[in-house]
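Structural overview
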Amino acid sequence: MAEQERMVEAVLFASPEAVTVKELEQRMPHGCNVAEALIHLQTRYEGRGVRVIRIGDTWAMRTAPDLGFLMQKETVEQRKLSRAAIETLAIIAYHQPTTRAEIEEIRGVSVSRGTIDQLLEMEWIRLGRRRMTPGRPVTFVVTPQFLDHFGLESARDLPGLKELRAAGLLENRPPPGMFPLGTARDDDDEDDEQSELFEDP
């Protein structure tokens, strides 16, 4: 098992992207217990400057969150999301899988194609399965890249309402449905409303 840990460690360290258990099994000798080796390796890295973490169905080595300040001198190009994009992303994250119509119903305003395209381009959302309803609309779900950016293992780890209110991230906004779709405002009116809540390096 110690040798298997070393092999898993080597692959994770060298890989620029998170790796699935299946990919690890394909690289390692036949008969290796990759899942067990990952758990042992994760335990061994607890409290270290680098951690072995699970991101959805993949595994990766990442800097410990409390040491992130050491990386602040790196040059990072930031893309700020509009308020419309942040709202859309939040709805998808908390209600996935969700359709465009459901997003618009919750927001109380139509969603421009540019907003969805931007989130798809950033690879923070992806197309999910089609709904078995009339028209078979596509659904949207968040991606492992989204989870990785915010240090989440799964969407279930997203903060709850109490945590969001405590952090001051919830505004007193009109309840969904107060404005008829597309009448009060739309995404194009919000292109200049930038927020630093979500930033893409």
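My aim in this report is to walk through the structure given alongside it, one point at a time. (Residues numbered from 1 in each chain as written. Predicted model: local features only at pLDDT ≥ 70, side-chain atom pairs only at ≥ 80, totals over all residues. Heavy atoms only, no water.)

Attention now moves to the sheet that holds strand E7 (residues 139-142). Two orientations exist for strands paired in a sheet by backbone hydrogen bonds: parallel and antiparallel. The sheet built from 3 strands is open, its strands ordered E5-E7-E6 with antiparallel pairing. Two strands in the sheet have a free side with no partner beyond their single neighbour: strand E5 (98-99) and strand E6 (125-127). Looking at chain direction, E6 and E7 are connected through 3 bridges and run antiparallel. Residue pairing in the sheet places Leu127 in a bridge with Phe140 of E7. (Pairing = 2+ DSSP bridges. Helix = DSSP H or I, 4+ residues; strand = E, 2+ residues; numbered from the N terminus.)

A few words on the environment of Ala101. Within the secondary structure layout, Ala101 lies in helix H5 (residues 100-107). When the C-alpha atoms of Ala101 and Val138 are compared, they prove to be 10.0 Å apart, with 37 residues separating the residues in sequence.

Let us look at the sheet that holds strand E1 (residues 19-20). Read across the sheet, 3 strands follow the order E1-E3-E2 without closing on themselves; strand pairing throughout is antiparallel. At either end of the open sheet lies a strand with only one pairing partner, and these are E1 and strand E2 (50-55). Strand direction decides the pairing type here: E2 and strand E3 (residues 58-63), joined by 6 bridges, are antiparallel. Across the sheet, residue Val50 finds its bridge partner in E3, namely Thr63. Contacts from helix H1 (residues 2-14) reach E1, E2 and E3 within the one sheet, and its direction differs from that of E3 by about 70 degrees. Against the sheet, helix H3 (residues 34-44) makes contact with E2 and E3, and its axis sits at roughly 140 degrees relative to E2, the strand it touches most. (Contact = heavy atoms within 4.5 Å. Axes fitted to C-alpha atoms, helices over the stretch in contact; angles between N-to-C directions.)

What follows covers the packing of H1 against H3. It is the contact of H1 with H3, at a shortest axis distance of 9 Å, that shows an interaxial angle of 75 degrees. On the basis of the axis angle, H1 is roughly perpendicular to H3. Of the residues in H3, those touching H1 at Gln4, Glu5, Val8, Glu9 and Leu12 are Ala37, Leu38, His40, Leu41 and Arg44. Its residues assigned to classes, the contact of H1 with H3 shows 5 nonpolar, 2 polar and 3 charged. (Parallel < 35°, antiparallel > 145°, perpendicular 65-115°, else oblique. Nonpolar A, V, L, I, M, F, W, Y, C, P; charged D, E, K, R; others polar.)

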